[in-house]
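Listed below, chain by chain, are the residues.
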Amino acid sequence: MSILRGKNILLGITAGIAAYKSASLVRLFIKSGASVKVIMTPAAKEFITPLTLSTLSKNPVISSFTDADAENAVWNNHVELGLWADLFLVAPATANTLSKMASGRSDNFLVATYLSAKCPVYFAPAMDLDMYKHPSTKSSLETLESFGNIMIPATTGELASGLVGAGRMAEPEAIISLIESNTLNQLPLYGKRFLVTAGPTYEAIDPVRFIGNHSSGLMGFEIAQKAALLGAEVVYITGPTHYKPNNSRINTIPVVSALEMYTQVHLHFKSVDVAILSAAVADYRPKNISISKIKKSTQNLSIELEKTADILASLGTIKSNQILVGFALETNNEIENAIIKLKSKNLDLIVLNSLNDPGAGFGGETNKVTLIDKNLVQTAYPLKSKANVADDIMTEIQNQINA
Ligand code: CTP
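Sequence positions are assigned chain by chain, starting from 1 and proceeding in written order. Whole-chain, interface and lining totals are the exception, using all residues; otherwise, since this is a predicted model, local features are given only for residues with pLDDT of at least 70 and side-chain atom pairs are given and counted only at 80 or more. Values reported for side chains reflect all heavy atoms of the structure, with hydrogen atoms and water molecules removed beforehand.

(A) Quick peek at the overall build of the protein chain. The helix and strand tally for the protein chain stands at 13 helices and 21 strands. Each radius of gyration reported is based on C-alpha atoms, and the globular scaling rule is 2.2 Å times the count of residues to the power 0.38. Taking 22 Å as the expected radius of gyration for a compact globule of 403 residues, we find that the protein chain reaches 28 Å, considerably beyond that expectation. Across its three principal axes, the protein chain shows a C-alpha extent of roughly 90 × 45 × 45 Å. Three exposure classes are used, based on accessible area relative to the maximum for each residue type with a 1.4 Å probe and protein chains only: buried under 20%, partly exposed in between, and exposed over 50%. Buried residues in the protein chain amount to 49% of all 403 residues. Pairs of residues are marked as contacts when any of their non-hydrogen atoms sit within 4.5 Å. Of all intrachain contacts in the protein chain linking residues separated by at least 6 positions in sequence, the fraction that spans at least 24 positions is 66%. The protein chains shown are the only cover counted for residues, whose accessible areas, like all others here, come from Shrake-Rupley with a 1.4 Å probe. Just so you have it, the protein chain exposes about 19600 Å², and 52% of that area is on carbon and sulfur atoms. Within the protein chain, one finds 35 positive and 35 negative side-chain charges whose respective centroids are separated by 5 Å. Elements are defined by DSSP. Helices are runs of H or I of four residues or more, strands are runs of E of two residues or more, and each kind is numbered from the N terminus. The charge count treats Lys and Arg as positive and Asp and Glu as negative. His and the chain ends do not count. All charge positions are set by atom: Lys at NZ, Arg at CZ, Asp at CG, Glu at CD.

(B) The arrangement of the pattern of salt bridges in detail. Any Lys or Arg side-chain nitrogen found within 4 Å of a carboxyl oxygen on Asp or Glu counts as a salt bridge. Enumeration according to the criterion identifies 14 salt bridges in this entry. Here Asp107 makes a salt bridge to Lys100, at a shortest N to O gap of 3.0 Å. Here Asp107 falls in the partly exposed class, since its relative accessible area comes to 40%. Looking at Lys100, the relative accessible area reads 10%, which means it is buried. A single network of salt bridges, built from pairs that share partners, joins Lys21, Arg168 and Glu171.

(C) Highlighting the site of the ligand. Residue proximity to a molecule or strand is established when one non-hydrogen atom of the residue lies within 4 Å of it. Close to the ligand lie 16 residues, the nearest being Leu277, Ala279, Phe327, Lys341 and Lys345. Here Leu277 contributes a backbone N or O atom positioned 2.5 Å from an oxygen atom of the ligand. Between the ligand and the protein, one listed contact pairs a nitrogen atom with a backbone N or O atom of Ala309 at 3.0 Å. Only helix H11 (311-318) and strand S16 (323-330) provide two or more residues apiece to the shell around the ligand. At four residues, S16 tops the list of elements feeding residues into the shell around the ligand. Only Asp, Glu, Lys and Arg are considered charged, only Ala, Val, Leu, Ile, Met, Phe, Trp, Tyr, Cys and Pro nonpolar, and every remaining residue, Gly among them, polar. Broken down by class, the residue content of the shell around the ligand amounts to ten nonpolar, two polar and four charged. The term polar contact refers here to a pair of N or O atoms within 3.5 Å; inside protein, the definition further demands a hydrogen-donor-capable atom paired with an acceptor-capable atom, and it admits residues adjacent in sequence only when both atoms are side-chain atoms.

(D) Main features of helix H2 (residues 50-57). Every buried residue of H2 is accounted for by Leu53, Ser54 and Ser57. Buried positions in H2, seen along its axis, are confined to an arc of 100° and lie on one side of it. In H2, the exposed residues that point more than 90 degrees away from the buried face are Leu51 and Thr55. On the buried face of H2, the contacting elements are strand S1 (8-13), helix H1 (22-31) and strand S2 (35-40). Lys58 lies just past H2 and shows a positive phi near 60°. Summarising the geometry, the arc corresponds to the directions from the helix axis toward the C-beta atoms.

(E) Representation of the packing of helix H10 (residues 258-269) against H11 in the model. For every element, the axis is a line fit to its C-alpha atoms; helices are fit only across the contacting stretch, and the angle between N-to-C directions ranges from 0 to 180 degrees. For the pair H10 and H11, interaxial distance at closest approach is 10 Å and the crossing angle is 25°. When the axis of H10 is compared with that of H11, the two are roughly parallel. Note on packing geometry: the crossing formed by H10 with H11 is right-handed. Facing Ala258, Met261, Tyr262, Val265, His266 and Phe269 of H10, the residues of H11 in contact are Ile311, Ser314, Leu315 and Ile318. Of the residues in the contact of H10 with H11, the class split is eight nonpolar, two polar and no charged. Note that the term roughly parallel is reserved for angles under 35 degrees, roughly antiparallel for angles over 145, roughly perpendicular for angles of 65 to 115, and oblique for everything else. Handedness of a crossing follows from how the near helix is turned relative to the far one, being left-handed for an anticlockwise turn of less than a right angle and right-handed for a clockwise one.

(F) Molecular detail of the side chain of Asn8. Mapped onto the secondary structure, Asn8 falls in strand S1. Taking relative accessible area as the criterion, Asn8 reaches 19% and is therefore assigned buried. Contact partners of Asn8, with chain neighbours within four places excluded, come to Ser35, Trp84, Ala85, Asp86 and Leu87.

(G) Local environment of the pairing of strand S17 (residues 349-354). Buried residues dominate S17, accounting for six of its six residues. The two faces of S17 match: Leu349, Val351 and Asn353 on one face and Ile350, Leu352 and Ser354 on the other face are all buried. Between any two strands, at least two bridges found by DSSP are needed for them to pair. Pairing analysis gives six bridges linking S16 to S17, with the strands arranged parallel. Residue pairing across strands places Glu330 opposite Ser354, the latter belonging to S17. Note on handedness: a crossover is taken as right-handed if, strands pointing away from the viewer, the path from the first strand over the helix to the second is clockwise. Following the backbone out of S16, through helix H12 (residues 334-344) and into the adjacent parallel S17, one traces a crossover that is right-handed. Pairing between S17 and strand S19 (residues 369-373): five bridges, direction antiparallel.

(H) Region of the structure containing the nonpolar core. Here, nonpolar core means buried Ala, Val, Leu, Ile, Met, Phe, Trp, Tyr and Cys residues that are tied together by side-chain atoms lying within 4.5 Å of each other. Within the largest apolar cluster, 35 residues are counted, with the highest numbers of intra-cluster contacts made by Leu11, Val38, Leu89, Ile175 and Ile179. Sorting the residues of this core by element identifies S1, H1, S2, strand S3 (87-93), strand S4 (121-125) and helix H8 (172-185) as the ones contributing at least two each. With five residues, the top contributor of residues to this core is H1. Here Ile175 is in contact with Leu25, Leu89, Ala124, Ile152, Met169 and Ala170, once residues within four sequence places are set aside. Listed in part, the 30 residues of the second largest apolar core include Val274, Phe327, Val369 and Ile397.

(I) Examining the packing of aromatic side chains more closely. Ring pairs are drawn from Phe, Tyr and Trp, using the six-membered ring of Trp, whenever the two centres fall within 6.5 Å, and their geometry is named by plane angle: stacked under 30 degrees, edge-to-face over 60, tilted for the rest. Under the defined criterion, the tally for this structure stands at three aromatic pairs. With a centroid separation of 3.8 Å and an interplanar angle of 10°, the aromatic rings of Tyr202 and Phe210 are classed as stacked. Here Phe221 and Tyr243 contribute two aromatic rings whose centre-to-centre distance is 5.0 Å and whose plane-to-plane angle is 25°, an arrangement assigned as stacked. Here the residue Phe221 occupies a position in helix H9 (residues 218-229), and Tyr243 occupies one in the loop between strand S11 (233-238) and strand S12 (250-254), the gap between them amounting to 22 residues. In this structure Tyr243 comes out as partly exposed when scored by relative accessible area, which is 25%. We note Lys37 situated over the ring of Trp84; from NZ or CZ to the ring centre the distance is 4.4 Å. Comment: the charge-over-ring label is applied if NZ (Lys) or CZ (Arg) is within 6 Å of the ring centre and within 35 degrees of the ring normal.

Just geometry here; none of it tells us what the structure is for.
Set out below in structure tokens:
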């Protein structure tokens, strides 16, 4: 999944021959899951038709303050459009437009929108080699960079003039990947590694039967998704569930039993910064697994169970700088029991859900939690979707990371 998924992107097109590449840019943005609106300078329409771009972007193309073709003239609101955008890319950016952007000369809709936009602005210059080298162009580029705008430098090659040199607009694929990696770098959890456990474990009785529980795995799935959306690399170790993350920063490791989960968690724990253990791990497993299917030959059947290793507690004994987060599902003396677990398992944070609260805990779409940190500061949250609970947990973890 691209980091640009769900983002609102404004593409500003100015009058250079490289405008023909804008069609590919729109296609690539749409393919990455972004919404795209296109602004053209009036002269850019000589190089590529608005129809092509409106068809590809599925949005009308705007090139002036009023829509002159409409029966009832409509004022195009550059302020609203500038605020709508999560990201503004001007590509190709001609020497003329770069100079207007640098000096604030707002004589067309594109530059007025640029001045209104609060989002990150990227620009991809495209012009002939001598224009690109000219001190006034260089001065525009430096000024724009000093404003915090991000330049996607022109590349070297054959230019429309027939001359060979620097001035070709970067290729659309290169532009998109630069924007993607730049967007990722700016995320608050970029560079951090998370380990998340989720779902139930199944403990085999014989080849066809097991002891399990009703955990859906949704809470852990939402936590893994949120951590990845905030820029973290996530090792997601999950028991059997229906949830399949589609984010390239989530490495999913499916496991079945508590022992497999224990092994995988210990394999990865040393390389992570944060471990969140939300799995409903079986506390007991059959002591002996029958190698053949158990026949119903006797009236009663007893299965001897033995304790599984407590994965969370085992991490508490070996952790160094990691932030260790556990869950507690309690039915009585909730806060006291959660604090006992927080201390005995050497946790930095415990997420308490009480089975007494309607809508909390296993199975459902919602949860109602109290977060208790290692200083015993308690924060009780109202009933929320598990996605929103994951947001609250991430906010607390970021506070601990930045403390
Ligand atoms: N946990 C674990 N390994 C286990 C059992 C639990 O890692 N074998 C983790 C869970 O993922 C959860 C936390 O421990 O983060 C709390 O689990 P819970 O079952 O509520 O508490 P227990 O410590 O097992 O105590 P009890 O069942 O007696 O309440």
